[in-house]
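Reading the structure
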Amino acid sequence: MTEQLTLFNLAPTQVIKTVHDPYWDEIVNPVALATIPPPVKPLVGAQVISDTQKTAPQHDTHWIERYWVERSENKYWYYRYCWMIGRKKHRIYIGSVHSPKAQAKKELVEIAIADGESPQEIQKIIRANHRS
């Protein structure tokens, strides 16, 4: 029996001492972090929440969004229809904010949202108007 106990006798555990490396403080520090990588300018307005406007914010499952895309240092504004399925956001392009055709489609979609149409029905409306 004593032989079995000696087989399971464990060696004393090692104590690992933590060594503080100040390099990691510089990476985590936001001021130091800003000096390491150059700032990245977003090219798509969908990434800038403050510039995105919902035209029907009372409907949280689907809405129209105005967003911008930057090309050659110019901002181009567009409308898109957005809807949620679970936690996933889906989008479909409507058109440029300057286009009368896109403005008419946007108004049709706003009416459909107010009438309680489903996202699937609204997508059909948008796709049908893409052809005309």
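One can find the structure itself at the top, above this paragraph.
One structure accompanies this document, and this report is about it.

Some thoughts on helix 4 (residues 100–114)
With 15 residues, helix 4 should reach 21 Å at 1.5 Å per residue; the first-to-last C-alpha distance of 21 Å fits that figure. All of the buried residues along helix 4 are Ala102, Lys105, Lys106, Val109, Ala112 and Ile113. Viewed along the axis of helix 4, the buried residues span an arc of 125°, placing them on a single side of the element. In helix 4, those exposed residues whose orientation departs by more than 90 degrees from the buried face are Pro100, Ile111 and Ala114. Where helix 4 begins, one side-chain oxygen reaches toward the backbone nitrogen of lysine 101, 3.3 Å away; that side chain belongs to serine 99. Just downstream of helix 4 lies glycine 116, where phi reads positive at about 85°.

Remarks on the pattern of salt bridges
Inspection of every chain in the model, using the stated rule, returns 3 salt bridges. Across the pair glutamate 110 and lysine 106 runs a salt bridge whose closest N-O atoms are separated by 3.3 Å. Note that glutamate 110 and lysine 106 are positioned in helix 4 at a spacing of 4 residues, about one turn of the helix. A relative accessible area of 13% places lysine 106 in the buried class.

About the cut-offs
- Sequence order as written defines the numbering, with residues in each chain counted from 1.
- Local features in a predicted model are, by the rule used here, given only for residues with pLDDT of at least 70; side-chain atom pairs are given and counted only at 80 or more, and totals for whole chains, interfaces and linings are based on all residues.
- Values reported for side chains reflect all heavy atoms of the structure, with hydrogen atoms and water molecules removed beforehand.
- Numbering goes from the N terminus for both helices and strands, where a helix is a DSSP run of H or I of at least four residues and a strand is a run of E of at least two.
- The span one expects for a helix is its residue count, reduced by one, times 1.5 Å.
- Relative accessibility decides the category of a residue: with a 1.4 Å probe and only protein chains considered, values under 20% of the type maximum give buried, values over 50% give exposed, and everything between is partly exposed.
- This arc corresponds to the set of directions leading from the helix axis out to the C-beta atoms.
- Polar contact is the term for a pair of N or O atoms within 3.5 Å; when the atoms are in protein, one must be able to donate a hydrogen and the other to accept it, and sequence-neighboring residues count only if both atoms are side-chain atoms.
- Any Lys or Arg side-chain nitrogen found within 4 Å of a carboxyl oxygen on Asp or Glu counts as a salt bridge.

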